[in-house]
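Chain by chain, the residues:
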Amino acid sequence: INGDLNNSGTFTMENGATLLHNGTLTSGAGSVYNVKQDITGAGSSTPTGRFWYVGSPVSQASSAVFFASSLANVAKKRDEAGNAWVSLNSGSAENLDVGRGYYIQAVPSSSTLNFTGGAINNGTITTPNLTSAGTSFTGFNLVSNPYPSYIDWTAVTKTNVGTTMWYRTHDGSGMNFGTVNGSGVGTTIGATTVTKYIPPMQSFW
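These lines cover the structure that appears in this document, whether it is placed above or below. (Residues numbered from 1 in each chain as written. Predicted model: local features only at pLDDT ≥ 70, side-chain atom pairs only at ≥ 80, totals over all residues. Heavy atoms only, no water.)

On to the packing of aromatic side chains. Scanning the entire structure with this criterion turns up 12 aromatic pairs. A centroid spacing of 6.1 Å and a plane angle of 75° characterise the contact between Trp-85 and Trp-205, whose relative ring orientation is edge-to-face. Note that Trp-85 is positioned in strand 7 (residues 84-87) and Trp-205 in the segment after strand 17 (203-204), a separation of 120 residues in sequence. Both rings, one in Phe-140 and one in Trp-166, keep their centres 5.5 Å apart while their planes meet at 80°; by these two values the pair is edge-to-face. Of this pair, Phe-140 sits in the loop between strand 9 (111-117) and strand 10 (143-144) while Trp-166 is found in strand 12 (residues 165-170), placing the two residues 26 residues apart along the sequence. A residue is classified by how much of its surface remains accessible, and Trp-166, at 31% relative accessible area, is partly exposed. In this structure an aromatic cluster arises from ring pairing among Phe-51, Tyr-53, Trp-85, Tyr-103 and Trp-205. The ring of Trp-153 carries Lys-158 above its face, with NZ or CZ at 4.5 Å from the centroid. (Phe/Tyr/Trp six-rings, centres within 6.5 Å; stacked < 30°, edge-to-face > 60°. Helix = DSSP H or I, 4+ residues; strand = E, 2+ residues; numbered from the N terminus. Buried < 20%, exposed > 50% of the residue type's maximum accessible area, 1.4 Å probe, protein only. Lys NZ or Arg CZ within 6 Å of the ring centre and 35° of its normal.)

Shown next as structure tokens:
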């Protein structure tokens, strides 16, 4: 969309939709923004125990989105300095940090995440508070594409970070990493060659 976009009611993007907006986003009183993402259940999909790396495409979203379908769902964020996963509590909601990556398992069945917030992320977004203090896997932070559109890794401004991004996924026989370097050249995971175009809401290292 080129030009201004005004939401005076409820703006919902269904699973699989993308939005590239070049213009000003304005909101009327009581306006709501929803962006949906389907995830496969950990107990009903291959590989067994499947999990997802995602991030919020809207501002002011709540971690309650991860537990809306089931309180048994598992959600975590990564603490690089402590080299640990920090579990999110279904009974204690917190705001999701725009640009941070989250780990989510839908237990036991598939689920639709419905990110609801103040506005769809747009314009320049900086991912703050990245650390490089850990004693193991030093400097590996889980971050995300904060937009409901693809982004080009070669066009991302990288300040005080490495130029290579890492995907973790299943290669058909086990978990593995694929990389994309600063020039946009990707490696192959199983039968898939990863590209410089990071999908909406996709988290990476």
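That shown, we press on.
You can see Arg-50 is positioned in the loop between strand 4 (32-39) and strand 5 (52-54). Residue Arg-50 is classed as partly exposed on the basis of its relative accessible area of 29%. A C-alpha to C-alpha distance of 9.5 Å links Arg-50 and Ile-39, two positions 11 residues apart in sequence. In contact with Arg-50, other than residues within four places in its own chain, are Thr-40, Ala-42, Ser-45 and Gln-105. (Contact = heavy atoms within 4.5 Å.)

On to a nonpolar patch on the surface, then. Taken together, the side chains of Phe-137, Phe-140, Trp-166 and Phe-177 define a hydrophobic patch exposed on the protein surface, amounting to about 390 Å² of accessible area. Examined against the element boundaries, Phe-137 turns out to sit in the loop between strand 9 and strand 10. (Patch = residues over 30% accessible without salt bridge, like charges linked within 9 Å, V, L, I, M, F, W, Y side chains within 5 Å. Areas by Shrake-Rupley, 256 points an atom, 1.4 Å probe, with all protein chains shown as cover. Salt bridge = Lys/Arg side-chain N within 4 Å of Asp/Glu carboxyl O.)

Going through the model one piece at a time under the given rule, you end up with four salt bridges. With its nearest N and O atoms 2.9 Å apart, the salt bridge here joins Glu-94 to Lys-77. In this pair, Glu-94 is assigned in the loop between strand 7 and strand 8 (102-105) and Lys-77 in strand 6 (residues 74-79), connecting sequence segments 17 residues apart. With relative accessibility at 18%, the residue Lys-77 sits in the buried group. Lys-196 is paired through a salt bridge with Asp-152; the nearest N and O atoms lie 3.5 Å apart. With a gap of 44 residues between them, Lys-196 in the loop between strand 15 (192-193) and strand 16 (197-198) and Asp-152 in strand 11 (residues 151-152) connect regions that are remote in the sequence.

Across the sheet, four strands lie side by side as 5-8-6-7; this open sheet has antiparallel pairing. Among the strands making up the open sheet, the edge pair consists of strand 5 and strand 7. Taking each pair of neighbouring strands and ignoring which way they run, the sheet shows an average axis angle of 35°. (Pairing = 2+ DSSP bridges. Axes fitted to C-alpha atoms, helices over the stretch in contact; angles between N-to-C directions.)

What follows is about the sheet that holds strand 4. Read across the sheet, three strands follow the order 2-4-9 without closing on themselves; strand pairing throughout is mixed. With partners counted over all chains shown, the strands left at the sheet margins are strand 2 (10-13) and strand 9, one partner each. Strand-to-strand twist of the sheet, defined as the mean angle between neighbouring strand axes without regard to direction, takes the value 20°. Of the strand pairs in this sheet, strand 4 and strand 9 are connected by seven bridges, and their pairing is antiparallel. Bridge pairing in strand 9 links Asn-34 to Thr-116.

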